Amino acid sequence: MDVTLLGTGDTTGTPTAGCSCDTCTVARERGIERTRFSVHVYNERTDESLLVDAAPDFRQQFLTHDVPLPDAVLVTHIHFDHLDGLGNLYRLRKGVPVHAANETDPKTGESVAETIARKYDYLNAIDVRPETPFEPFEACGFEVTFVPVVHPPLVCYGVRIEDPHTGGILAISGDTSYGISEESRDVLRNADLLLADGIVPARFCKHHPAGGSHEVDGVYRTFGTKHMTIEGATLLGADLNATETRIVHVAHYLDPEEAFAEPLAVDGERYSL
């Protein structure tokens, strides 16, 4: 299982368009990118590629990192920075399976799978496959499981991807607060690599209208209600017993000294599990 981090940023990315903050300036000077979240997973055994979330930066990501086009796609939720890259498959692929959860979202009245099918009903490049959370399914020779996480007001899912032949495991928290259920955590445990959503340090919670939540010893593990803090993401990795944790979905608000420090991921990182 060869994993390439195509996109490791939040909804605006780093550098952010039109922003001249110190972090965005340093990113431009160093040639560092955090485009919108997306992960490429290559199965060497089957010569197939699985894409986790289709970012709006799809074209740039595939050209920059020179990875094969996807043979299947997983979509964790319907926010544009995780979904709107699907249109890039037009004229590149036909009938690509797009796996998404089948649970109805009370907010939209549709499942993630149904929203994708409706939004892209014109696109013969994709074939939407509804999947039941906690029930493993096969994609590109991997065993894949969606698990519910907490990203209000919409439903959202983390992902476990396992190679049944080698035992290699990639876990992705999805966009989420720290309040992931124990049932979902149990599926995500003991990964070789965990990609954990951590948008900003806990001290930034004072700037959020909702403050912070999941406070332990004076440190908030959730920024507002929708994303983990960097501290929360780090603690999640420890709780899940991940061999390695990389923090993704990082915003540009951090100071440059911490924005590019470990264990915060940047685009282009590669891992062999």
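Above this text is the structure in question.
Definitions and limits used
Residues numbered from 1 in each chain as written. Predicted model: local features only at pLDDT ≥ 70, side-chain atom pairs only at ≥ 80, totals over all residues. Heavy atoms only, no water. Pairing = 2+ DSSP bridges. Helix = DSSP H or I, 4+ residues; strand = E, 2+ residues; numbered from the N terminus. Phe/Tyr/Trp six-rings, centres within 6.5 Å; stacked < 30°, edge-to-face > 60°. Buried < 20%, exposed > 50% of the residue type's maximum accessible area, 1.4 Å probe, protein only. Arc of directions from axis to C-beta. Contact = heavy atoms within 4.5 Å. Salt bridge = Lys/Arg side-chain N within 4 Å of Asp/Glu carboxyl O. Lys, Arg positive; Asp, Glu negative; His and termini not counted. Polar contact = N/O pair within 3.5 Å; in protein donor to acceptor, adjacent residues only side chain to side chain.

Focus on the pairing of strand β12 (residues 212–216)
- Pairing of β12 with strand β13 (residues 219–223) involves four bridges; the strand directions are antiparallel. Within β13, the residue paired with V216 across the bridge is V219.
- If you look at the hairpin formed by β12 and β13, you'll find two residues sitting between the two strands, and D217 has a positive phi there, around 55 degrees.

Some points on the sheet that holds β12
- The sheet built from three strands is open, its strands ordered β12-β13-β14 with antiparallel pairing. Taken across any chain shown, the strands that pair with only one partner, and hence form the sheet edges, are β12 and β14 (227–228).

Some details on the packing of aromatic side chains
- In total, this model carries four aromatic pairs according to the counting rule given.
- Seen from their ring centres, Y120 and Y122 are 6.1 Å apart, and the 40 degrees between their planes marks the pair as tilted.
- A residue is classified by how much of its surface remains accessible, and Y122, at 57% relative accessible area, is exposed.
- Here F137 and F146 contribute two aromatic rings whose centre-to-centre distance is 5.6 Å and whose plane-to-plane angle is 35 degrees, an arrangement assigned as tilted. As far as burial versus exposure is concerned, F137 and F146 are alike and both buried.

Some details on the pairing of strand β1 (residues 2–7)
- The element β1 is extensively covered by neighbouring structure, given that five of its six residues are classed as buried.
- Bridging between β1 and strand β16 (residues 270–272) involves three bridges; their strand directions are antiparallel. Bridge pairing links D2 to S272 in β16.
- Two elements, β1 and strand β2 (residues 38–43), share five bridges in a ladder whose sense is antiparallel. Across the sheet, the residue bridging to V3 is V41, located in β2.

Overview of helix α2 (residues 58–65)
- Every buried residue belonging to α2 is among F58, Q61, F62 and H65, and all of these are buried. The buried residues of α2 occupy an angular sector of 90 degrees when projected down its axis, which confines them to one face. Exposed and facing more than 90 degrees away from the buried side of α2 are R59, L63 and T64.
- Packing partners of the buried residues in α2 comprise β1, β2, β3 (48–52) and β16.
- D66 sits one or two residues past α2 and shows a positive phi near 50 degrees.

Describing the pattern of salt bridges
- Enumeration according to the criterion identifies 15 salt bridges in this entry.
- Close ionic contact of D57 with R36 constitutes a salt bridge, the shortest N to O distance being 2.6 Å. Here R36 lies in the loop between α1 (22–30) and β2 and D57 lies in the loop between β3 and α2, a separation of 21 residues in the sequence. The exposure classification of D57 matches that of R36, with both residues buried.

Examining helix α4 (residues 112–119)
- Residues V112, A113, T115 and I116 constitute the buried set of α4. The buried residues of α4 all sit within an arc of 165 degrees when viewed along its axis, so they share a single face.
- Where α4 is buried, its residues contact α3 (80–83), β5 (96–101), β6 (126–131) and β9 (154–162).

Focus on the side chain of D197
- Mapped onto the secondary structure, D197 falls in strand β11 (residues 193–197).
- For the buried D197, no salt bridge is present, and the opposite-charge side chain at shortest range is K226, 9.9 Å distant.
- Within the local environment of D197, its side chain forms a polar contact with the side chain of H227, the two groups lying 3.0 Å apart.

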